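Now for the letters of each chain:
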Amino acid sequence: MKPLRGLYIRTYGCQMNVYDSDRMRDILAPLGYASVDAPELADLVVLNTCHIREKATEKVFSELGRLRKHKEASGERMRIVVAGCVAQAEGEEIMARQPAVDLVVGPQAYHRLPEMLARLSRKTGDRLEVDFDVVQKFDQLPAHRHVNGPSAFLSVQEGCDKFCTFCVVPYTRGAEHSRGTDAITAEARELVRAGAREVVLIGQNVNAWRGAAPAGSGDDTWGFGRLIRHISKIGGVDRLRYSTSHPRDMDDELIDAHAGVEALAPFLHLPVQSGSDRVLAAMNRKHTAKEYLEIIRQTRTARPDIAITSDFIVGFPGETEADFEATLQLVRDVRFSQAYAFKYSARPGTPAAGMPSQVDEVTKDRRLATLLALLRQQAFEFNSATVGKVLPVLFETRSGRDGLARGYSPYQQVVHAEIDPDMLGTMVDVEITSAGQASLQGRARLGAAHDRELDGVIE
Ligand code: 5AD
Ligand code: SF4
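Residues numbered from 1 in each chain as written. Chains lettered and ligands numbered in written order. Predicted model: local features only at pLDDT ≥ 70, side-chain atom pairs only at ≥ 80, totals over all residues. Heavy atoms only, no water.

## A few points about the confidence of the model for the protein chain
Reading fine detail from the predicted coordinates is not recommended where pLDDT is low.
Next, step 1: Summing up the model confidence of the protein chain, the mean pLDDT is 92 and the portion of residues at 70 or higher is 97%.
Next, step 2: Below pLDDT 50 for its whole length, residues 453-459 participates in 13 contacts with residues either more than four positions away or in separate chains. (pLDDT = per-residue confidence, 0-100. Contact = heavy atoms within 4.5 Å.)

## Some words on the packing of aromatic side chains
Next, step 1: Per the stated rule, a full pass over the model turns up 7 aromatic pairs.
Next, step 2: Centre to centre, the rings of Phe224 and Tyr242 are 5.3 Å apart; their planes meet at 70°, and the pair counts as edge-to-face. In this pair, Phe224 sits in helix α8 (residues 224-232) while Tyr242 sits in strand β13 (residues 239-243), placing the two residues 18 residues apart along the sequence. Grouping residues by exposure puts Phe224 and Tyr242 together as buried.
Next, step 3: Here the aromatic rings of Phe316 and Tyr344 are separated by 5.5 Å at their centres, their planes lie at 70°, and the arrangement is edge-to-face. Residue Phe316 is located in the loop between β15 (307-314) and α12 (321-334), and its partner Tyr344 is located in the loop between β16 (338-343) and α13 (361-384); the two are separated by 28 residues in the primary sequence. Both residues of the pair, Phe316 and Tyr344, belong to the buried class. (Phe/Tyr/Trp six-rings, centres within 6.5 Å; stacked < 30°, edge-to-face > 60°. Helix = DSSP H or I, 4+ residues; strand = E, 2+ residues; numbered from the N terminus. Buried < 20%, exposed > 50% of the residue type's maximum accessible area, 1.4 Å probe, protein only.)

## Concerning the site of ligand 1
Next, step 1: Around ligand 1 sit Ile52, Arg53, Phe166, Gln273, Asp311, Ile313, Phe342, Lys343, Tyr344, Ser345 and Arg347, and those are all the residues in its vicinity.
Next, step 2: Within the side chain of Gln273, an N or O atom sits 2.7 Å from an oxygen atom of ligand 1.
Next, step 3: Contact with the protein chains removes 87% of the 400 Å² of surface that ligand 1 exposes when unbound.
Next, step 4: Secondary structure elements with two or more residues in the shell around ligand 1: β15 and β16.
Next, step 5: Along the lines of polarity and charge, the residues of the shell around ligand 1 split into 5 nonpolar, 2 polar and 4 charged. (Near = heavy atom within 4 Å. Polar contact = N/O pair within 3.5 Å; in protein donor to acceptor, adjacent residues only side chain to side chain. Areas by Shrake-Rupley, 256 points an atom, 1.4 Å probe, with all protein chains shown as cover. Nonpolar A, V, L, I, M, F, W, Y, C, P; charged D, E, K, R; others polar.)

## Points about the site of ligand 2
Next, step 1: All residues in the neighbourhood of ligand 2 are listed as Cys160, Lys162, Phe163, Cys164, Phe166, Cys167, Val169, Pro170, Asn205, His246 and Arg285.
Next, step 2: In terms of residue class, the shell around ligand 2 is made up of 7 nonpolar, 2 polar and 2 charged.

## Concerning the environment of Pro356
Next, step 1: Residue position: Pro356 is located in the loop between β16 and α13.
Next, step 2: Once the C-alpha coordinates of Pro356 and His146 are considered, the two residues, 210 residues apart in sequence, prove to be 48 Å apart.
Next, step 3: The residues contacting Pro356, other than those within four sequence positions of it, are Pro317 and Gly318.

## Remarks on the sheet that holds strand β1 (residues 5-11)
Next, step 1: In space, the 6 strands of this open sheet follow the order β2-β1-β3-β4-β5-β6, with parallel pairing throughout. Since the sheet does not close on itself, it has two edges, and those belong to β2 (33-35) and β6 (128-129), each with one partner.
Next, step 2: Across 3 bridges, the pairing between strand β4 (residues 79-83) and strand β5 (residues 103-105) is parallel. Each bridged residue has a counterpart across the sheet, and for Val82 the counterpart in β5 is Val104.
Next, step 3: Contacts between helix α1 (residues 15-28) and the sheet are confined to β1, β2, β3 (44-49) and β4, with β1 contributing the most and set at about 170° to the helix.
Next, step 4: Contacts between helix α4 (residues 113-121) and the sheet are confined to β2, β3, β4, β5 and β6, with β5 contributing the most and set at about 160° to the helix. (Pairing = 2+ DSSP bridges. Axes fitted to C-alpha atoms, helices over the stretch in contact; angles between N-to-C directions.)

## Some points on the pattern of salt bridges
Next, step 1: Applying the stated rule across the entire model yields 36 salt bridges.
Next, step 2: A salt bridge links Asp43 to Arg77, with the nearest nitrogen and oxygen atoms 1.9 Å apart. Here Arg77 lies in the loop between α2 (56-73) and β4 and Asp43 lies in the loop between β2 and β3, a separation of 34 residues in the sequence.
Next, step 3: Given a relative accessible area of 13%, Asp43 falls into the buried group. (Salt bridge = Lys/Arg side-chain N within 4 Å of Asp/Glu carboxyl O.)

## Some details on the domain arrangement of the protein chain
Next, step 1: Its domain assignment divides the protein chain into domain 1 (5-134), domain 2 (136-384) and domain 3 (390-449).
Next, step 2: Look at where the C-alpha atoms of domain 2 and domain 3 centre, and you get two points 25 Å apart.
Next, step 3: Every contact between the two is made by 19 residues of domain 2 and, on the other side, 20 residues of domain 3.
Next, step 4: Here domain 2 and domain 3 share an interface that buries about 1500 Å² over both sides, 56% of which is from carbon and sulfur atoms.
Next, step 5: Together, Pro150, Arg239 and Asn383 form the three largest contributors to the area buried by domain 2 at its contact with domain 3, with a combined 37%.
Next, step 6: Applying the counting rule to domain 2 against domain 3 returns 0 salt bridges.
Next, step 7: Summed over the shared surface of domain 2 and domain 3, the result is 9 residue pairs in polar contact (both at pLDDT 80 or more).
Next, step 8: Elements that contribute at least two residues to the side of domain 2 that touches domain 3 include exactly β13 and α13.
Next, step 9: When residues in the side of domain 2 that touches domain 3 are grouped by element, the largest group, 6 residues, is from α13.
Next, step 10: When the residues that make up the side of domain 2 that touches domain 3 are grouped by side-chain class, the tally is 8 nonpolar, 4 polar and 7 charged. (Domains from an automatic or database assignment. Buried area = accessible area lost by both parts, 1.4 Å probe.)

Written out as structure tokens, the structure is:
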């Protein structure tokens with residue numbers, strides 16, 4: 001059946017944008033908008049953009065050029081909205097350069113979309129909304145959640161006060177803000193009701209979360225480790241994850257949660273960016289390589305099998321061969337299960353963009369290739385070590401590859417296996433039979449749908 005109004009949202013960038021796109025769908029559903037598969041079928045197209053690395057703005061403009069043709073073909077019926085971090089940073093320029101754009105809305109203002117769309121039809125009101133009213137945003141988003149599979153994101157924290165010198169996030173997403181414990185608990189329950197089995201607590205600096213403790217808990221404030229314990233007690237939350245963390249906010253309570261909370265996946269994404277103290281200081285990361293290694297050591301003491309992943313930047317201004325070698329050494333010391341590595345890209349308005357001794361592209365390319373080769377080798381070693389083990393896999397989709405289903409292990413590895421169709425969306429014990437650098441293959445144990453024993457369920 002054709003929806004009343006077709007909605008097409010294209011999401012770029014991080015998990016926060018994935019969450020925001022889901023919430024935009026939730027907020028537009030009561031107006032009759034339902035997702036369609038292609039922009040040309042849509043009445044409303046939203047580009048939810050990312051500003052973190054280079055060429056972001058240019059990509060948005062070329063996408064807008066294509067959309068403009070669809071808009072013309074629709075007899076100007078199609079509405080085009082630019083959302084996300086490029087909207088926040090370059091809103092005025094977008095409006096000026098591409099007249100086909102109807103609305104520009106920043107990441108803390110998209111709860112105003114229904115009202116802005118209504119005003120647009122009446123040709124009144126602002127077409128650009130980039131305020132930072134994060135409290136109002138969460139208050140005004142609908143309680144109802146729609147989930148697309150058994151794993152769902154739940155935003156608990158937004159913004160960043162860390163001001164790493166390379167990063168635009170503190171400017172596009174604003175100051176750190178933690179959502180209240182009750183609102184988070186209610187949303188987690190709603191996600192379970194809507195069909196989620198895994199909840200991923202997300203935030204730009206998720207482990208900087210701090211909140212008022214619920215009445216009767218005997219505490220004043222809670223840190224993130226305590227929140228994890230609380231959410232893990234909600235019946236139906238079979239697996240919990242969180243991302244992205246900052247090393248400075250890895251406190252004992254969070255590390256202990258990895259030892260004591262059964263539902264918490266043995267997985268930690270902890271960006272380090274560089275292994276050189278000189279570069280870390282210039283990046284304003286507020287920790288040394290040794291301090292990072294110590295956090296990893298403590299986390300592995302709490303949970304010996306934990307998978308550690310990270311983000312790296314090569315070619316930060318002033319990075320020497322010795323600095324880069326220190327990064328390789330840190331990688332060898334930690335042994336990551338997976339990691340992302342990026343070439344440094346100068347972002348307008350950030351302190352590092354104006355630093356002297358910018359590294360040339362050839363050197364950046366070479367360092368990136370060297371680092372990626374080492375990280376790929378480590379990913380292969382980590383994956384190979386799980387061959388022969390039986391892991392609970394949460395199956396999310398059919399991969400299309402030989403009709404196999406695709407899911408995730410507790411260590412966030414992609415696992416392909418043949419399963420009964422009714423096992424899709426559930427946790428299944430799978431014996432891992434082979435491993436590559438990017439995924440595992442396994443054999444489902446029949447009749448072994450995995451369920452967690454709960455003690456002290458919160459109703
Ligand atoms: N250049 C390259 N990589 C960057 N990141 C953030 N800003 C930049 C930049 N200017 C990377 C960091 C961060 C990840 C989300 O993106 O590694 O952890
Ligand atoms: Fe950017 Fe640093 Fe904040 Fe992460 S911690 S969002 S890299 S400024």
